[in-house]
Amino acid sequence: MGVELAAEQARSYGDLKDDVNITDSELDKSVRNALKHALEGDYDSYNHLVGTMHHSERLHPDEVALLETCLKSLRGAVSCIDVVHHRSLLAAIFGMSLWNYDTHVMDALVGLVTSLAASSPQYVDLCLDMLVSNFLPPYSFLELLKQPRGIIRKDQVLDRVHSTLKDIAHLVPLSPLRLEKVVRERMPNIYTKEPLIVMYVENMLRLESGVIGELVGSTMLMAVVDRLIDLDVEIAWDDILQDDFSKGIFQMELEGLEGPADDDGDELQRNDWIERFFGGNLVAEKLDSLMVLVFGHLKSSYENGRLEQVFDTLLQSFHKTVLTVYKSKFAQFVMFYACSLDPDNCGTNFAVTLVNIFEGSSYPEWRMSAVAYLASYLSRAKFVSASFVVSVLERLVNWCSDYCKNQHGESNPKAHKVFYAGCQAIMYVLCFRMRSIVAIPRLRSQLFLLRIDDILRHPLNPLKVCLPSIVEEFLRVAKSSHLFNVPQNFVSDGLLESELSMTFGGLDRLDMFFPFDPCLLKKSDRFIRPNFVYWSMVRSTYEEEEDDDDDDDDEGNSDEDVAEVSNASNRARMVDDVGRSIDEEDSDIDEDFEYSLNRMSITPKNPTAFWLGGKLRDSVQMPSRIRPSTSPESL
């Protein structure tokens, strides 16, 4: 090997002949000289050096070898590089894509980038930006990524990118803080092709779970949720379902999504229904793919014992972003799935946070949104126990009851909209969960003693203000359960929406916001469906009970007589149930209930006397109102 770099200045580096050789040490010296000469105004050898970095076509083996050697030589000469005089060289280096080279050149390039970042603070942002730009391949690689060799190349590139980011973080401790900004600024917008935006988010989640995740993880996750929301709001919800106020919300679900498919026919019918609204909707498809990616990340976090940490960040993001978005459609199912993975911790934490916001926030719209999320979550989450539902309902009922004590006027949807939102949430939850609650004597007694019907009969008259379809369904369910003294004049089919109910919902129709209605995203649905309660699962049980009640009514008793006998019998049954629950030891309290009480900070009151069935009963030990585990100010 014996020809110096200066001898090659007369011809391009791409024209090397087989007999042209140069030692590594000689090349190192020539590279240093080229950098030095550029400082003195002699750019001939420097320009050839820059040209070596600008190959745009497929390289020959000797060209690959020369490029690799030059990169290694530059790594050893980073102290000679000047950010001003060698600007074109730096631009060439930072403009190189790892995707275009073999692993040897990749290693040489990331080694040079690491050395530059460590040599001077002025290079750190440039190095980070170059590495983050390699999160995505050139457009020409998109088709290749569908093939095995494309997947191999992807792994080769991204493994080196993340390894280099970790190395730079070790050498420059403050670099992760600067990395956050770079990643957010380079994040693709919602109009980027689906494969690219999915790959970018995949890298963000990899950062979140990686070594430097403790420093940048929360930022990455929040940015991902923000992008989910950006996509979500682009989907025209009104164009999909077009709020039909002549139909109840329960009826619309039965007509569109008949619950979990038991056979291929039901599944095909469901898919056809979804395809009708989302077929060809690129935004919905992107959101669906990103949701699946996040679901996978959450499952991995759960398996690695990181879910509680990740969920804390999700909860912050939910409160800051999701909760305040007008009628978010699908992004909130990230919270639902996380709760399904760990109901005892994440699920309980989510519900408590929502109750705290409802009770303590200074923004009425946030309070209404929070209680809507709470009601929808308790109704739809199959993994939430009936005992936990009752404990949360107790807190809502107590709040509404306290509110009623301080109000002496009549219905006013605008002035009391938070109260009506709470009442509607209570009725909505009971539409779904009443049967599972009354099946357990202890919970049936606890629910009866809440005296929900006192709130519904208050002069504020929530039955006339809340959404008619929910009121109608609740009264039907209440009648079937024989648990409440149902106002007979309200039990009728086809309640019409009144001016009061329309005023309560406002122009934004917040009264029709049910965040965890069935998920209409095809790929995401398979993660949600196993833990989801569909209305068709619940409705059939009440229809059977209604048929039995109708048979009893046909035996000659008037509605008033039937109601009076039913209520008297119900009160007697409540007395017996309460008496049994006092006499029996705490063995009837299952583990889920005990855990829920502990998580929700329930403590027993002192024995109190209460009226039941018109008679003063003996003192009964009852749980006190659930106290918030955190103050509203801390949310």
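Residues numbered from 1 in each chain as written. Predicted model: local features only at pLDDT ≥ 70, side-chain atom pairs only at ≥ 80, totals over all residues. Heavy atoms only, no water.

Engineer: Help me understand the packing of helix 7 (residues 148-171) against helix 9 (residues 194-209) in this model?
Structural biologist: A packed helix pair is summarised by two numbers, namely the angle formed by the two axes and the spacing between the axes. Remark: helix 7 packs on helix 9, axes separated minimally by 12 Å, with the N-to-C direction vectors making an angle of 40°. The angle between the axes of helix 7 and helix 9 places the two elements in the oblique class. Where helix 7 crosses over helix 9, the two elements pack in a sense that is right-handed. Contact with helix 7, carried on its side by Lys154, Leu158, Asp159, His162 and Leu165, involves Met199, Glu202, Asn203, Arg206 and Leu207 of helix 9 and no other residues of that element. By residue class, the composition of the contact of helix 7 with helix 9 is four nonpolar, two polar and four charged. (Axes fitted to C-alpha atoms, helices over the stretch in contact; angles between N-to-C directions. Helix = DSSP H or I, 4+ residues; strand = E, 2+ residues; numbered from the N terminus. Parallel < 35°, antiparallel > 145°, perpendicular 65-115°, else oblique. Left-handed = near helix turned anticlockwise from the far one by under 90°. Contact = heavy atoms within 4.5 Å. Nonpolar A, V, L, I, M, F, W, Y, C, P; charged D, E, K, R; others polar.)

Engineer: Quick question: what am I supposed to make of the nonpolar core here?
Structural biologist: Across soluble globular proteins, you tend to see nonpolar side chains buried next to one another. Among the nonpolar cores identified, the biggest contains 189 residues, and Met53, Leu298, Leu314, Phe350, Tyr377, Leu430 and Leu447 are the most heavily contacted of them. A total of 16 residues in this core trace back to one element, the largest contributor, which is helix 20 (residues 417-438). (Core = buried A, V, L, I, M, F, W, Y, C linked by side-chain atoms within 4.5 Å. Buried < 20%, exposed > 50% of the residue type's maximum accessible area, 1.4 Å probe, protein only.)

Engineer: Which parts of the structure should I look at to understand the packing of aromatic side chains?
Structural biologist: Any pair of aromatic rings gets described here by the distance separating the centres and the angle formed by the planes. Overall, the coordinates contain 29 aromatic pairs when judged by the stated rule. Aromatic side chains Tyr428 and Phe514 sit 4.8 Å apart centroid to centroid with 20° between the ring planes, which places their arrangement in the stacked category. Of the two residues, Tyr428 sits in helix 20 while Phe514 sits in the loop between helix 25 (499-505) and helix 26 (522-528), which places them 86 residues apart along the sequence. Ring centres of Phe432 and Trp535 lie 5.1 Å apart, and the angle between their planes is 65°; this geometry places the pair in the edge-to-face category. On the criterion of sequence distance, the pair formed by Phe432 in helix 20 and Trp535 in helix 27 (residues 535-553) is long-range, its members being 103 residues apart. The exposure class of Trp535 is buried, given its relative accessible area of 1%. What links up through ring pairs into an aromatic cluster is the set Phe318, Phe333, Phe336, Phe350, Tyr373, Tyr377, Phe383, Phe516, Phe532 and Tyr534. (Phe/Tyr/Trp six-rings, centres within 6.5 Å; stacked < 30°, edge-to-face > 60°.)

Engineer: Is there a simple way to think about the environment of Ser218 in this case?
Structural biologist: In this structure, Ser218 sits in helix 10 (residues 213-234). Counting along the chain gives 95 residues from Ser218 to Thr313, while the straight-line C-alpha distance between them is 5.8 Å. When residues no more than four places from it in sequence are discounted, the contact partners of Ser218 are Gly213 and Thr313.

Engineer: In this structure, what is going on with helix 3 (residues 61-75)? I would like to understand it.
Structural biologist: Because each turn of an α-helix spans 3.6 residues, side chains separated by three or four positions in sequence point in the same direction. Helix length check: helix 3, at 15 residues, gives a terminal C-alpha distance of 21 Å against a target of 21 Å (1.5 Å per residue), a fit within 8%. Where helix 3 is concerned, the buried positions are Glu63, Val64, Leu66, Leu67, Glu68, Thr69, Cys70, Leu71, Ser73 and Leu74. In this structure, the buried residues of helix 3 make contact with helix 1 (24-39), helix 2 (44-52), helix 4 (87-94) and helix 5 (103-119). (Expected span 1.5 Å × (residues − 1).)

Engineer: What exactly am I supposed to notice about the confidence of the model for the chain here?
Structural biologist: Close inspection of predicted coordinates is inappropriate for parts of the model with low pLDDT. When pLDDT is averaged along the chain, the result is 78, and 70% of the positions lie at 70 or above. Here residues 242-247 is a poorly scored stretch, pLDDT under 50, and it has nine contacts once near neighbours within four places are set aside; other chains count. Every residue in residues 258-265 is under pLDDT 50, and counting partners more than four places away or in other chains gives 11 contacts. (pLDDT = per-residue confidence, 0-100.)

Engineer: I would appreciate a short explanation of the pattern of salt bridges in the present structure.
Structural biologist: Oppositely charged side chains are able to pair whenever their charged atoms sit close together. Overall, the coordinates contain 20 salt bridges when judged by the stated rule. With a shortest N-O distance of 2.9 Å, Asp129 and Arg186 are connected by a salt bridge. Within this pair, whereas Asp129 is found in helix 6 (residues 124-133), its partner Arg186 is found in helix 8 (residues 175-186), the two being separated by 57 residues in sequence. Of the charged contacts, one joins Lys329 and Asp232 as a salt bridge, the two residues approaching to 3.2 Å between their closest N and O atoms. (Salt bridge = Lys/Arg side-chain N within 4 Å of Asp/Glu carboxyl O.)

Engineer: Please explain the packing of helix 1 against helix 2 as it appears in this structure.
Structural biologist: The N-to-C vectors of helix 1 and helix 2 enclose an angle of 120°; their axes lie 7 Å apart at closest approach. The angle between helix 1 and helix 2 places the two elements in the oblique class. Both helix 1 and helix 2 take part in a crossing whose hand is left-handed. Contacts between helix 1 and helix 2 involve Val31, Ala34, Leu35, His37 and Ala38 from the former and Ser45, Tyr46 and Leu49 from the latter. Taken together, the residues of the contact of helix 1 with helix 2 sort by class into six nonpolar, two polar and no charged.

Engineer: Explain the side chain of Arg306 here, please?
Structural biologist: Among the secondary structure elements, Arg306 is positioned in the loop between helix 14 (282-303) and helix 15 (307-322). Once residues lying within four places of it in the same chain are set aside, the contact partners of Arg306 are Glu208, Ser209 and Ser301.

Engineer: Teacher, can you tell me more about unusual backbone geometry here?
Structural biologist: Trans peptide bonds make up the majority, and among non-glycine residues the majority have a negative phi. Of note, the phi angle at Arg451 is positive, near 55°, even though the residue is not glycine. Positionally, Arg451 belongs in the loop between helix 21 (441-448) and helix 22 (452-456). For His482, which is not a glycine, the phi torsion comes out positive at approximately 55°. Overall, the relative accessible area of 28% leaves His482 in the partly exposed class.

Engineer: Sorry if this is basic, but what is going on with the state of the cysteines here?
Structural biologist: Note on terminology: a disulfide is the covalent bond linking the sulfur atoms of two cysteines. Using the criterion set out here, one finds zero disulfides in the structure. The closest cysteine sulfur to the non-disulfide-bonded Cys400 is located on Cys423, 4.2 Å from its own sulfur. (Disulfide = S-S within 2.5 Å.)

Engineer: It is not clear to me how the environment of Leu59 should be interpreted in this structure. Could you clarify?
Structural biologist: If you trace the backbone, Leu59 turns up in the loop between helix 2 and helix 3. Considered as a pair, Leu59 and Asn100 are 41 residues apart in the sequence and their alpha carbons are 9.8 Å apart. Contacts of Leu59, omitting those with residues within four sequence positions, involve Val64, Leu67 and Tyr101.

Engineer: Looking at this structure, I do not really get helix 9. What am I missing?
Structural biologist: Here helix 9 spans 23 Å end to end across 16 residues, near enough to the 22 Å set by a 1.5 Å rise per residue. Burial in helix 9 covers these residues: Leu196, Ile197, Val198, Met199, Tyr200, Val201, Asn203, Met204, Leu205, Leu207 and Glu208. As for helix 9, its buried residues are in contact with helix 6, helix 7, helix 8, helix 10, helix 14 and helix 15.

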